[in-house]
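Fold and geometry: a report
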Amino acid sequence: MPDIPFRRLTEAIADRWPEAPPFGGQFDEVVPHLTIAQGQDDAVLDEAEADLRRRLPITARVSSVDLLVHDGTSWQQRASFAHR
């Protein structure tokens, strides 16, 4: 599976900092994913979905991983880790 490296990374981070589980521990299994849109009107979401469906599957090479934190209002980048 192409998502295995992401699953392993998530598990390693959760093991290292168990007091801060992914998504606050809300999910038994964290599925690697790409968030395209969130919180927009249904018409915007429908348009994005239709456009993306025509482009699937998406293939990409990951060169870095960013650590984002949510302050209750918005997401902020805390750090970026480049692939070595």
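One can find the structure itself at the top, above this paragraph.
In short, a report on the structure. (Residues numbered from 1 in each chain as written. Predicted model: local features only at pLDDT ≥ 70, side-chain atom pairs only at ≥ 80, totals over all residues. Heavy atoms only, no water.)

Turning next to the overall build of the chain. When helices and strands are tallied, the chain shows two helices and two strands. Relative to the globule expectation of 12 Å for 84 residues, the C-alpha radius of gyration of the chain, 15 Å, shows a markedly less compact shape. Taken over the C-alpha atoms alone, the chain extends approximately 40 × 30 × 25 Å along its principal axes. A burial count over the chain gives 1% of its 84 residues as buried. Considering only residue pairs separated by 6 or more positions, the chain has 14% of its internal contacts joining residues 24 or more positions apart. In the structure as shown, the chain presents an accessible area of about 7,800 Å², 54% of it carried by carbon and sulfur atoms. The averaged location of the 14 negative side-chain charges in the chain is 10 Å from the averaged location of its 9 positive side-chain charges. (Helix = DSSP H or I, 4+ residues; strand = E, 2+ residues; numbered from the N terminus. Rg over C-alpha atoms; globule rule 2.2 N^0.38 Å. Buried < 20%, exposed > 50% of the residue type's maximum accessible area, 1.4 Å probe, protein only. Contact = heavy atoms within 4.5 Å. Areas by Shrake-Rupley, 256 points an atom, 1.4 Å probe, with all protein chains shown as cover. Lys, Arg positive; Asp, Glu negative; His and termini not counted. Charge placed at Lys NZ, Arg CZ, Asp CG, Glu CD.)

On to the packing of aromatic side chains. Under the defined criterion, the tally for this structure stands at one aromatic pair. Here the aromatic rings of Phe-23 and Phe-27 are separated by 5.6 Å at their centres, their planes lie at 80°, and the arrangement is edge-to-face. Using a relative accessible area of 43% as the deciding quantity, one classes Phe-27 as partly exposed. (Phe/Tyr/Trp six-rings, centres within 6.5 Å; stacked < 30°, edge-to-face > 60°.)

For the rest of this paragraph, the subject is the environment of Ala-20. With respect to the helices, strands and loops of the structure, Ala-20 is situated in the loop between helix 1 (4-16) and helix 2 (42-53). Accessibility expressed as a relative area gives 47% for Ala-20, which makes it partly exposed. Residues Ala-20 and Gln-76 lie 56 residues apart in sequence; the distance between their C-alpha atoms is 17 Å.

Note: strand 1 (residues 64-70) against strand 2 (residues 75-82), seven bridges, orientation antiparallel. Bridging across to strand 2, Leu-68 finds its partner in Gln-77. Where strand 1 hands over to strand 2, the hairpin turn is made up of four residues, of which Gly-72 adopts a positive phi near 100°. (Pairing = 2+ DSSP bridges.)

For the bond running from Leu-56 to Pro-57, omega is -5°, close enough to zero to count as cis. Position of Pro-57 among the secondary structure elements: in the loop between helix 2 and strand 1. Despite not being glycine, Phe-23 shows a phi value in the positive range, around 55°. Relative to the assigned elements, Phe-23 resides in the loop between helix 1 and helix 2.

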